[in-house]
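Architecture and fold: a report
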Amino acid sequence: MKYEPWKALTASDQTRRAYQEALVRADSEISSLLQIDTECGAEDCRFDADSSLAGVPFSVKDNIAVRGFQFSCGSNILKGLTAPYTAAAVQRLLDIGALPVAKTNMDEFGMGSATENSAFQMTRNPWDTGRVPGGSSGGSAASVAAGLVPFSLGSDTGGSVRQPAAFCGIYGLKPTYGRISRYGLAAYASSLETVGLLSGDIDLLQEVFAAVSGRDSGDQTSNSIAPLNRPEENTPVAAVLSGMEGVTPEIAQGCRQAAEAMRSLGWEVKEASLPSLKYAVSAYYTIAMAEASANLARYTGIRYGYRSSRAVSQEELVRKTRNEAFGREVKLRILLGTHVLRSGFQDQYYIKAQKIRTRIRGEFDQIFSQADMILMPVFPVQAFEAASGMTPLQQKIADRFTLTANMAGIPALAFPAGLQDGLPAGMQLLGPAGSDELLMHYARCLQEVLPKDPLPLRLDPREVLHG
Ligand code: GLN
């Protein structure tokens, strides 16, 4: 059985203890995990469930609630908070016996593309520890690429699952909006974000998606739409995004190689353009910051989390708490969010951004009337150097390829497309709403013809058991 070594790791208290120690050791070089606890979830876990995932461990981004585990969202404002309840996606996994064993590092509230905006630690890319793992689900991606866990749950508001997956050479799925419940996901920008999945194994990714997707009464935007199907006998048609200015030669080469792989499978490959792509970043950040300013208003120091001890009035308590415990990037976004929403100025920013969002949706519809999928890079560069590789503004501009899928609510799957210069060069497939399963099917076909590079593993489940 494929997942047998992983299952053995969680089979008994004793093996869970050995696994716990191995996780601590293996993570010391990459710092992907904020909390490691192989026992905490065991009580709620149905190890005896009749499922291929029973006994399989996984890690969870620290903005997704797991009862008994910490729930910091990478922020000092929620430092020390323990989740009193469990997110719907995690609960569905517990119900079939999969075991959450760690919470992963992330950019504060999901705001960033390098996991360098975490209040707690810097995560390293397991391929090259001088480089970032991507973000904001960088801890999730690094923990999977290093072999600490076989899959992880993350969140994707504008690319936070796919970009770290691409930087770390694994698969990352941002599902169709609504296909996975957001119940238990701490809100950043609700109209854009989804719980997403990361794994080095496309079959496992698909099994996990089948387990966690579907309507949930805890999230009124969730649904059980029927997955999109297409007739077997039709040749798949892929549209490659044209006019990719600003991508490195390595990324351009990776994209050509993926298109070539499609042709070698007999697929039809043509070009397509997204004329509104040049406005996508401004529109995305306008909407994301507007929603963030509203969603983050709940962190006041009154009901939970950090509370300033220096305040003499209630107004001062809220102000000082937020000033002392939010990081720079979060403050910037709250300020800009309130700026674009202030009365009298909405036409200028927010409404305009929504119009661009509608345009982008329309352009995708147009492309999908003639193609089954779109191929494009995930990010214009490969994993960059830690500390100084890219400024916050450069990172935002570089989100242009990923955030389009969030603006349109459509599924997108980052897949490993081979190494360039010794580092992963991830590409992504986008499809119409409901095509999540199809995208995973296409990625499985591509895997047969693309180079398979071994992951930079730091933990071998077999060795933990026998060593
Ligand atoms: N980098 C983007 C941002 O900072 C995307 C983050 C995400 O998807 N959570 O908003």
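Scroll up a little and you will see the structure.
Residues numbered from 1 in each chain as written. Predicted model: local features only at pLDDT ≥ 70, side-chain atom pairs only at ≥ 80, totals over all residues. Heavy atoms only, no water.

**Overview of the overall build of the protein chain**
Broken down by element type, the protein chain carries 15 helices and 13 strands. Considered along the principal axes of its C-alpha atoms, the protein chain spans approximately 65 × 65 × 45 Å. Counting across all 467 residues of the protein chain, residues that qualify as buried make up 59%. Summarising the internal contacts of the protein chain: among those between residues at least 6 apart in sequence, 76% fall at separations of at least 24. Positive and negative side-chain charges of the protein chain, numbering 45 and 49 respectively, have mean locations separated by a distance of 7 Å. (Helix = DSSP H or I, 4+ residues; strand = E, 2+ residues; numbered from the N terminus. Buried < 20%, exposed > 50% of the residue type's maximum accessible area, 1.4 Å probe, protein only. Contact = heavy atoms within 4.5 Å. Lys, Arg positive; Asp, Glu negative; His and termini not counted. Charge placed at Lys NZ, Arg CZ, Asp CG, Glu CD.)

**A few points about the pairing of strand S7 (residues 237-241)**
Within S7, five of the five residues are buried, which leaves the element mostly enclosed by the surrounding structure. Alternating residues of S7 divide into Val237, Ala239 and Leu241 and Ala238 and Val240, and every residue in both groups is buried. Inspection of the sheet shows S7 paired to strand S8 (residues 268-272) by five bridges, in the parallel sense. Pairing of leucine 241 across the sheet is with alanine 272, part of S8. Handedness of the S7-helix H7 (residues 249-264)-S8 crossover: right-handed. When S7 meets strand S9 (residues 373-377), the two strands line up parallel, connected through three bridges. For alanine 239, the partnering residue across the bridge sits in S9 and is isoleucine 374. (Pairing = 2+ DSSP bridges. Right-handed = clockwise from strand over helix to strand, strands pointing away.)

**Concerning the site of the ligand**
As a matter of local geometry, the ligand sits amid 15 residues, with Thr157, Gly158, Ser160, Tyr188 and Asp399 nearest to it. Side-chain polar atom of tyrosine 188 to an oxygen atom of the ligand: 2.6 Å apart, as the coordinates give it. One of the side-chain N or O atoms of tyrosine 284 is found 2.8 Å from an oxygen atom in the ligand. In isolation the ligand has 290 Å² of accessible area, and contact with the protein removes 99% of it. Classifying every residue of the shell around the ligand by side-chain character gives four nonpolar, eight polar and three charged. (Near = heavy atom within 4 Å. Polar contact = N/O pair within 3.5 Å; in protein donor to acceptor, adjacent residues only side chain to side chain. Areas by Shrake-Rupley, 256 points an atom, 1.4 Å probe, with all protein chains shown as cover. Nonpolar A, V, L, I, M, F, W, Y, C, P; charged D, E, K, R; others polar.)

**A word on the sheet that holds strand S10 (residues 412-415)**
The strands that make up a sheet pair up through hydrogen bonds in the backbone, lying either parallel or antiparallel. Pairing in this open sheet of 11 strands is mixed, and the strands run S1-S3-S2-S4-S6-S5-S10-S13-S9-S7-S8 from one edge to the other. Only two strands of the sheet have a single partner each, and these edge strands are strand S1 (33-36) and S8. Across the sheet, the mean angle from the axis of one strand to that of its neighbour is 25°, orientation sign disregarded. The sheet contact formed by strand S5 (residues 171-174) and S10 spans three bridges and is antiparallel. Directly across from glycine 172, in S10, lies its bridge partner alanine 414. Each of strand S4 (151-156), S5, S7, S9, S10 and strand S13 (427-430) is contacted by helix H13 (residues 400-408), which is oriented at about 20° to S13, the strand it contacts most. (Axes fitted to C-alpha atoms, helices over the stretch in contact; angles between N-to-C directions.)

**Some points on helix H14 (residues 436-449)**
At 3.6 residues per turn, the α-helix brings residues three or four places apart onto the same side. Helix length check: H14 (14 residues) gives 21 Å between terminal C-alpha atoms against 20 Å at 1.5 Å per residue, within 8%. Every buried residue of H14 is listed here: Asp436, Glu437, Leu438, Leu439, Met440, Tyr442, Ala443 and Leu446. Here the buried face of H14 lies against S5, helix H6 (202-212), H7, S9, S10 and S13. (Expected span 1.5 Å × (residues − 1).)

**Details of the side chain of glutamine 35**
By the element assignment, glutamine 35 lies in strand S1. Looking at glutamine 35, the relative accessible area reads 19%, which means it is buried. Of the polar contacts made by the side chain of glutamine 35, one reaches the backbone nitrogen of glutamine 70; its length is 2.8 Å. Once residues lying within four places of it in the same chain are set aside, the contact partners of glutamine 35 are Phe69, Gln70, Val101, Ala102 and Lys103.

**Things to note about the pairing of strand S2 (residues 57-61)**
In terms of burial, S2 is a largely internal element, five of the five residues being buried. What you see with S2 is no split at all: Pro57, Ser59 and Lys61 on one side and Phe58 and Val60 on the other are buried throughout. Relative to strand S3 (residues 99-104), S2 runs parallel, the two sharing five bridges. Note that in S3 the partner of lysine 61 across the bridge is threonine 104.

**Here we look at the pattern of salt bridges**
Pairing between side chains of opposite charge can happen when their charged atoms approach one another. Enumeration according to the criterion identifies 23 salt bridges in this entry. For the salt bridge of arginine 179 with aspartate 436, the shortest nitrogen-to-oxygen distance reads 3.0 Å. Linking arginine 179 in the loop between S5 and strand S6 (194-199) with aspartate 436 in helix H14, this pair joins segments that are 257 residues apart in sequence. Among the residues examined, arginine 179 registers a relative accessible area of 5% and is labelled buried. (Salt bridge = Lys/Arg side-chain N within 4 Å of Asp/Glu carboxyl O.)

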